[in-house]
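An overview of the molecular structure
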Amino acid sequence: MRSLRAFLLRLRAIFGSRRAEQDFSAELESHVALHTDDGIRAGLSAAEARRHALILLGGAEQTRQSYRERHSLPRLESLMQDLRYALRQLVRAPGFALSAILTLTLAIGANTAIFSVVNAVLRHPAGLDHPERVVVLNTRYSQFTLDFPNVSVPVYAAAGALKDHVDAAAIEAGASFNVQREGKTEHINAALVSSKWFQVYGARPILGRVFTPEEDRPNTAPVVILSYGLWQRAFAGRGDAIGQTMMLDQKPYQVIGVMRSDFAWPRRYELWTPIALPPTAFSPDEFFNENYQASVRLLPGVSPAQFNAELSTRLWDELRQGAGSKYATSSGWSIYTAPLTESAAGPLRKPLFVLFGVVALILLIASANVAGLFLARASTRSKEFAIRTALGAGALRIAQQLLIETFLLTGVAASLAVSAGPLLGKILLLLVPHHLAEGYDIRMEPAVLAFTAGIALLTSLIAGLGPAFKLAVERKQMGLQEGGRGATASQDKQRLRSAFVIGQVALSFLLLSGTGLFLSSLQQLQHIDPGFNPRGVLAAKVDFSGDDFRSSQPRQAAFVSSAVERLAAQPGVLAAAAIQPLVFDPDDGGSCSFAIAGRPLGPNDPGPHSQLSFATPDYLKVMQIPLLSGRWIAASDTGATEPVTVVDERLARKYWPSQSPIGQHISFGCGNKPARVIGVVATVRLNSLESDTSDDMRYYSFAQGKDSSANLIFRTQNTTERITAGLLSAIAATDPSQAVSSIKSLDTLVSDSHAGRRLIVWMLAAFAALALLLAMVGLYGLISYITTNRTNEIGIRMALGAQRIDVIRLLLGNALAWVVIGLSAGLDLSIVLTLLLRHLFAVFGAGVAVSLAGSAVMLFVIAAMACLIPARRAASIDPMKALRAE
Amino acid sequence: MGDKTDVWQGTLALMVLRTLETMGAQHGYGLARRIEQTSGDLLQLNYGTLYPALLKLEQEGFIQSSWGLSENNRKAKFYELTKAGHRRLKKAASEWEQTTAILARFLTPAEEA
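Being a predicted model, the structure only gives us computed values, none of them experimental.

**Some details on the overall build of chain A**
Within chain A, the regular secondary structure consists of 30 helices and 22 strands. Whereas a compact globule of 886 residues would reach a radius of gyration of roughly 29 Å, chain A reaches 38 Å, over 25% beyond that. Taken over 886 residues, chain A has a buried fraction of 43%. Taking the intrachain contacts of chain A between residues at least 6 apart in sequence as the baseline, contacts between residues at least 24 apart amount to 83%.

**Focus on the overall build of chain B**
If you tally the helices and strands in chain B, you get four helices and five strands. Seen in sequence order, chain B has helices and strands lined up from the N terminus as β-α-β-α-β-α-β-β-α. Per-residue burial for chain B yields a buried fraction of 28% across its 113 residues. When contacts within chain B are restricted to residue pairs at least 6 apart in sequence, those whose partners lie at least 24 apart make up 51%.

**Some points on the confidence of the model for chain A**
Where the model shows low pLDDT, its predicted coordinates should not be examined in detail. Scored by pLDDT, chain A has a mean of 82; 92% of the residues are at 70 or more. Contacts from residues 482-487 of chain A, a stretch scored under 50 in pLDDT, to residues over four places away or in other chains number nine contacts.

**Description of helix 3 (residues 47-59) of chain B**
Residue and element names in this part refer to chain B. The element helix 3 is extensively covered by neighbouring structure, given that 10 of its 13 residues are classed as buried. Those residues of helix 3 not exposed but buried are Tyr-47, Gly-48, Thr-49, Leu-50, Tyr-51, Ala-53, Leu-54, Leu-55, Leu-57 and Gln-59. Positive backbone phi, approximately 85°, marks Gly-61, located one or two places after helix 3.

**Let's talk about the interface of chain A and chain B**
At the interface, 22 residues of chain A touch 18 residues of chain B. Broken down by secondary-structure element, the contributors of at least two residues to the side of chain A that touches chain B are helix 1 (2-13), helix 2 (17-41), helix 3 (46-57) and helix 4 (60-71) of chain A. Per-element accounting of the side of chain A that touches chain B gives the leading share, seven residues, to helix 2 of chain A. Here the residues of the side of chain A that touches chain B sort into seven nonpolar, nine polar and six charged.

**Observations regarding the sheet that holds strand 4 (residues 63-69) of chain B**
To summarise the sheet geometry, strands pair through backbone hydrogen bonds and adopt either a parallel or an antiparallel arrangement. Here we have three strands laid out as an open sheet, ordered 2-5-4 (chain B), and antiparallel in their pairing. The open sheet has two free edges, formed respectively by strand 2 (26-27) and strand 4 of chain B, since each of these has just one partner strand.

**Quick word on the packing of helix 28 (residues 804-840) of chain A against helix 29 (residues 848-875) of chain A**
Residue and element names in this part refer to chain A. Look at helix 28 against helix 29: their axes get within 9 Å of each other, and the N-to-C directions meet at 155°. With respect to helix 29, the element helix 28 is oriented roughly antiparallel. Between helix 28 and helix 29 lies a crossing of right-handed hand. Here the residues of the contact of helix 28 with helix 29 sort into 21 nonpolar, two polar and two charged.

**Considerations on unusual backbone geometry**
With the exception of glycine, most residues fall at negative phi, and the peptide bonds are largely trans. Residues and elements named next belong to chain A. Of note, the bond from Gln-580 into Pro-581 is cis; its omega dihedral lies within 30 degrees of zero at -5°. Position of Pro-581 among the secondary structure elements: in the loop between strand 13 (573-580) and strand 14 (591-593). Phi at Phe-584 is positive, roughly 60°, even though this residue is not glycine. The phi torsion at Gln-624 lies on the positive side, around 60°, for a residue other than glycine.

**Considering the domain arrangement of chain A**
Domains assigned within chain A are domain 1 (2-72), domain 2 (131-346), domain 3 (490-525 + 751-886) and domain 4 (546-738). Its C-alpha centre places domain 1 of chain A at a distance of 63 Å from the equivalent point of domain 3 of chain A.

**Quick word on the nonpolar core**
Residues and elements named next belong to chain A. With 170 residues, the main nonpolar core has Ile-362, Phe-767 and Ala-771 as its most contacted residues. Counting residues domain by domain, this core receives three or more from each of domain 2 (131-346) and domain 3 (490-525 + 751-886). Listed in part, the 61 residues of the second largest apolar core include Met-623, Phe-668, Ala-675 and Leu-746.

**As for the environment of A:Ile55**
In this structure, A:Ile55 sits in helix 3. The sequence separation of A:Ile55 and A:Ala634 amounts to 579 residues, and the corresponding C-alpha distance is 120 Å.

**Points about the pairing of strand 13 of chain A**
The side chains of a regular strand alternate between both faces of the sheet. Residues and elements named next belong to chain A. Where burial is concerned, most of strand 13 is hidden: seven out of the eight residues are buried. In this sheet, strand 21 (residues 709-716) lies alongside strand 13 in antiparallel orientation, the contact comprising six bridges. By the bridge assignment for strand 21, Ala-575 is matched with Arg-715. Relative to strand 15 (residues 609-615), strand 13 runs antiparallel, the two sharing two bridges. Across the sheet, residue Gln-580 finds its bridge partner in strand 15, namely Phe-614.

**Description of the environment of B:Lys56**
Position of B:Lys56 relative to the elements: it lies in helix 3. Ignoring any residue separated from it by four or fewer positions in sequence, one finds B:Lys56 in contact with A:Ala6 and A:Arg70.

**Concerning helix 15 (residues 395-431) of chain A**
For the α-helix, the turn length of 3.6 residues means that residues three or four positions removed from each other point alike. Between its first and last C-alpha atoms helix 15 of chain A spans 50 Å; for 37 residues at 1.5 Å apiece the expected length is 54 Å, and the two agree. At A:Ala420, helix 15 of chain A shows its maximal bend, which comes to roughly 35°, and the proline A:Pro422 appears one to four places after that position.

**What to know about the confidence of the model for chain B**
Residue and element names in this part refer to chain B. Looking at chain B, pLDDT values average 82 and 88% of them are 70 or higher. Per-residue pLDDT, averaged within each element of chain B, yields its smallest value for strand 1 (residues 5-6) (53) and its largest for strand 5 (residues 75-81) (90). As scored by the predictor, the complex reaches a pTM of 0.70 and an ipTM of 0.84.

**Focus: the packing of helix 4 of chain A against helix 3 of chain B**
Closest axis-to-axis distance for the helix 4 of chain A/helix 3 of chain B pair is 8 Å, and the angle between their directions is 15°. Between helix 4 of chain A and helix 3 of chain B, the angle falls in the class roughly parallel. Helix 4 of chain A and helix 3 of chain B meet at a crossing whose hand is right-handed. Contact with helix 4 of chain A, carried on its side by A:Gln62, A:Thr63, A:Ser66, A:Tyr67, A:Arg70 and A:His71, involves B:Gly48, B:Tyr51, B:Pro52, B:Leu55 and B:Lys56 of helix 3 of chain B and no other residues of that element. Of the residues assigned to the contact of helix 4 of chain A with helix 3 of chain B, the class counts are four nonpolar, five polar and two charged.

**Overview of the pairing of strand 17 (residues 644-648) of chain A**
Residue and element names in this part refer to chain A. Strand 17 sits mainly inside the fold: five of its five residues count as buried. Of the two faces of strand 17, the one holding Val-644, Val-646 and Asp-648 and the one holding Thr-645 and Val-647 are both buried throughout. Pairing analysis gives five bridges linking strand 17 to strand 19 (residues 674-681), with the strands arranged parallel. Counterpart to Asp-648 in the pairing with strand 19 is Val-681.

Cut-off values and rules
- Residue indices begin from 1 for each chain and proceed along its sequence in written order.
- Each chain is given a letter, starting from A, and each ligand a number, starting from 1, according to the order in which they appear as written.
- Confidence filtering applies because this is a predicted model: local features only for residues at pLDDT of at least 70, side-chain atom pairs given and counted only at 80 or more, and all residues used for totals across whole chains, interfaces and linings.
- A helix here means a DSSP run of H or I that spans at least four residues, while a strand means a run of E at least two residues long, and both kinds are numbered starting from the N terminus.
- The globule rule used for comparison is 2.2 Å times the number of residues to the exponent 0.38, while the radius of gyration itself is calculated over C-alpha atoms.
- With C-beta atoms placed from the backbone, a residue is labelled by how many other C-beta atoms lie within 10 Å of its own: buried for 20 or more, exposed for 12 or fewer, partly exposed between the two.
- For the purpose of contact definition, each residue receives a C-beta atom placed from its backbone, and two residues are in contact when these atoms lie within 7 Å.
- Across the chain, each position has a pLDDT score giving the predictor's confidence in that residue, from 0 to 100.
- As a working rule, the residues Ala, Val, Leu, Ile, Met, Phe, Trp, Tyr, Cys and Pro are called nonpolar, Asp, Glu, Lys and Arg charged, and the rest polar, with Gly in that last group.
- Each pair of strands is called paired provided DSSP finds at least two bridges between the two strands.
- Note on method: axes are straight lines fitted to C-alpha atoms, helices fitted across the in-contact stretch only, with angles between N-to-C directions ranging 0 to 180 degrees.
- Note that the term roughly parallel is reserved for angles under 35 degrees, roughly antiparallel for angles over 145, roughly perpendicular for angles of 65 to 115, and oblique for everything else.
- With the far helix as reference, a near helix turned anticlockwise by less than a right angle produces a left-handed crossing, and one turned clockwise produces a right-handed crossing.
- For the purposes of this description, domain bounds are those given by an automatic or database domain assignment.
- Note on definitions: a nonpolar core is a set of buried residues drawn from Ala, Val, Leu, Ile, Met, Phe, Trp, Tyr and Cys, linked by C-beta atoms within 7 Å.
- Between the first and last residue of a helix there are one fewer steps than residues, each counted as 1.5 Å, and that sum is the expected span.
- The reported bend at a residue is simply the angle between two axes, fitted to the 7 residues ending at it and to the 7 residues beginning with it.

Next up, the structure:
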């Protein structure tokens, strides 16, 4: 306690030591005076008495010094001195300070921005409690190369029963409701969840309660929990919303809870209702019907691997007790878990990792640049350091001085970066298609702050240690003698700087060639033919509202055919059709098992599996998909005629490798009714250009099925607002109770599917440009510095008859040698990285040679230009002036 | 000067506290003289070392200082014990006595050997 008090007093004394010094001088004065008085009284002369008093005091200055040391904290004081000195130094060289701060701010800001996104998306999505303990269950059929984040109810039940490993387990299915408000129909995404669902995500309501285990049973009174946003919209944020009734699909639900504003999970869902599975859903027959998402919160200390192993053992036990183990073995069935953050981030994950690597490179380049700036400055300050050394500054003190200057610069840069970083992160998410970025909240969090502080520290160490160490070691031979007469700087002095330049060139090359590679892979992607022509196609989604409408197949068929007719009649519309689900719509898609007539299934064999959609007669015309054989769905295929289906080429080949499927019968949709195959069409990509993930396709007649929504699509000559307006009025005229919920262009949907790749290309291009700029500045600085140092030598050479071109060649030769070394190092790195990235990204790696060569040439030319300017300037000096310069 | 002993580190603080207790408020020079006198002029006190020691005691809160006038009307800074100083002195003195008592047992020649 006492020593703490003393320490704090000494700390305070660092500021305002002047007054204490005066005070102590007065005290010493009085001490000497009192002592002198005594001496005089004892018979000494005044002068002698004073001399005696001073001797006994042990020297006034020494006393003052030891008093000073006790008075405050000398080490800290010298640190403060250095800090003040560093500030003065930087203010005196504003150009240097500004360029260093700008460089560092760009680099640290880029890192903070990317990290803030990584933090919000991959590390800790807002509103979730300990997301690292939440895992999502996935099903894999290795024989069918199927892998999806859905499981069946019995699998979920088995996971939930592992009480030693699981804190809570929940099951979930997507749903949507139409809500009538103020005369308008609003379409709301909802999740049907089991009662432990909120516990899994660690989400607590701000109002009301979450679901009880009783509400997991079917036929309980309908209840609903609202998201914060919906509560604000529908109830204006009133507290009395709890207990009120809300009409969902024209059925009354009682509002029992409101979630916190930061909790919107699954993203874009706005309300939750109990899933209330019937007991039959838990039957072993349902083992291979993966229609639900299941997530689990593990107990603290349980690793996902442990849980996986335990779950697998239990599931295989269950399978062996039933009859499913044979099918599970033959299909390569297994269940595995993935961290929630990983499966939720989806297509954003890889680009974020790549960008994270890229900004780390930028940080290195910027650090090298600032180190180079410091070295250049240090050589102009060598006299200052020599004088300080002569006055007794130790190596450490000089190193400390330099490190403090770098810390100061990075400190300023980091505080600028911290304020700008998360903002940049938000902008970055704006570049990402809405369905990927929505629901993520980028904020200034302690983790982001800590990260920025960490990289700022790292940066100042990288940028500061080299120069500081070098100066501290060199300080003895440095200085007064070498600086006094302008000889050419020793080779040794340039070595560190040239190392920094080589490193910068290599790293810039890496970024540049990476940009080239991703750019060509993007072009490659864009040239992949999806099997249909998305250009000029617009799609309008109608979510059917009204229970009676949803359940009435004839009404839906009538609505769709009449809406399509009216659309086709619009001026500018070439063809119109309806399809459900729509290709490349991330919110849509459906698949199920089907049976082929005449091919019996073994026990527990779910049979062939494929995706399916419902279409109207002009679908092929709108999409420009070729019909390969037989006929397409016609207007005459209605609810009153025989059910028909058209399959795609791949499905036809798979199940009828040697004959035509036309005339065969397969299931109608997912049910047991048969449908006759009437034609075969070309295969199309369903949701990705990057990889062919489609799982065969069956088309059925829209007029023969029913659904909860329809996509009205039409090909236009020119997509103008007039058409959009016409479309809305056409639908309104068909049935005023139905409304369009969204209009998208198919082109946008297709290009959104490789948004992650495009994001990488854009960001890489920006970062590569930044790196190039930094490397150029570094090179330019190095060459100017060298030429300035060699002015004298150049003067002598020119006086002895060297021509301008000789001088330029001399200077350029050196610099370009470094560039070439940097380029070859960068080339090696690029090749290694390309091989790594090829594993990570499908459709990647074409045009390696072009992008490597292109980047090398580009970098070389730019580097040569950066060197040429100072070299030319040096070569145009007047030899007489150069020799007299010092 | 040869016979005079330098002040050991650490004991000076105790001497200062004890002297202030017996004399009351005192200035630095007076303290130094008094310590020398008390030691029977056996101690050679470098007066300069007294001031950092006083400063340390003051920072630790055992003494406090204020400017005043000396007996022959010179301005001087006077030090006096605080309450914490009194407690500290009592504790340090008893610790010191114990230490010397223990050491004495070692250093006095053994009665029977």
